[in-house]
Amino acid sequence: MSNLLTRILIMTGSVASIGFGIWHFSVPKVWKWYSYIDAQATELIVAVQAINIFFSLALVLFGLINIGLILGNKPDRYSISIVLGATCILWFTRVLLQIIHPQGSISPVLQYAMLASFVVVFLCYAIPLVSLQFRESLPHR
């Protein structure tokens with residue numbers, strides 16, 4: 001696979017990850033998550049807030065780190081492989097969760113659109129990760 005294609009895939013996956021992360025910061029308010037939780041369960045509300053913030057921030061940071069590595073002046077195979085591997089695990093887990101316990105099941109179109117988008121983002125990272133393992137040169141600018 002060409003260096004340009006590798007960079008395009010990683011950039012695409014990273015922009016999608018950052019987008020999902022930014023969007024997810026607003027999800028609790030938009031979907032009124034806390035209206036489904038007993039107001040007396042304050043610790044549960046705080047825990048859900050913390051998990052969502054942590055998850056959203058992780059998506060944004062993974063996206064930014066991948067972009068930083070791929071655009072850096074001296075990317076090395078080890079660093080890129082480790083971060084891409086972790087990112088692949090994150091997105092593969094999301095794909096599995098969507099298959100096992102799908103979200104958006106209110107609408108088959110939404111449910112499968114979510115699955116498709118998660119698979120695409122996963123592949124944007126997995127294909128370059130596999131490709132990097134069989135290549136001598138790294139994706140330089």
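The rules behind the values
Residues numbered from 1 in each chain as written. Predicted model: local features only at pLDDT ≥ 70, side-chain atom pairs only at ≥ 80, totals over all residues. Heavy atoms only, no water. Phe/Tyr/Trp six-rings, centres within 6.5 Å; stacked < 30°, edge-to-face > 60°. Helix = DSSP H or I, 4+ residues; strand = E, 2+ residues; numbered from the N terminus. Buried < 20%, exposed > 50% of the residue type's maximum accessible area, 1.4 Å probe, protein only. Axes fitted to C-alpha atoms, helices over the stretch in contact; angles between N-to-C directions. Parallel < 35°, antiparallel > 145°, perpendicular 65-115°, else oblique. Left-handed = near helix turned anticlockwise from the far one by under 90°. Nonpolar A, V, L, I, M, F, W, Y, C, P; charged D, E, K, R; others polar.

(A) Spotlight on the packing of aromatic side chains. The full count for this structure, using the stated rule, is four aromatic pairs. With centroids separated by 5.5 Å and ring planes inclined at 50°, the aromatic side chains of Phe20 and Trp91 adopt a geometry described as tilted. Of this pair, Phe20 sits in helix α1 (residues 3-30) while Trp91 is found in helix α3 (residues 77-100), placing the two residues 71 residues apart along the sequence. By relative accessible area, Phe20 is classed as partly exposed at 22%. For Trp91, a relative accessible area of 3% gives the class buried. Ring-pair connections join several aromatic residues into one group, and the members of that group are Phe20, Trp91 and Phe118.

(B) Highlighting the packing of α1 against helix α2 (residues 42-71). Relative to each other, α1 and α2 sit at 160°, their axes nearing to 8 Å. In terms of their interaxial angle, α1 and α2 are classed as roughly antiparallel. Considering the relative orientation of α1 and α2, their crossing is left-handed. Of the residues contributing to the contact of α1 with α2, the split by class is 16 nonpolar, eight polar and one charged.

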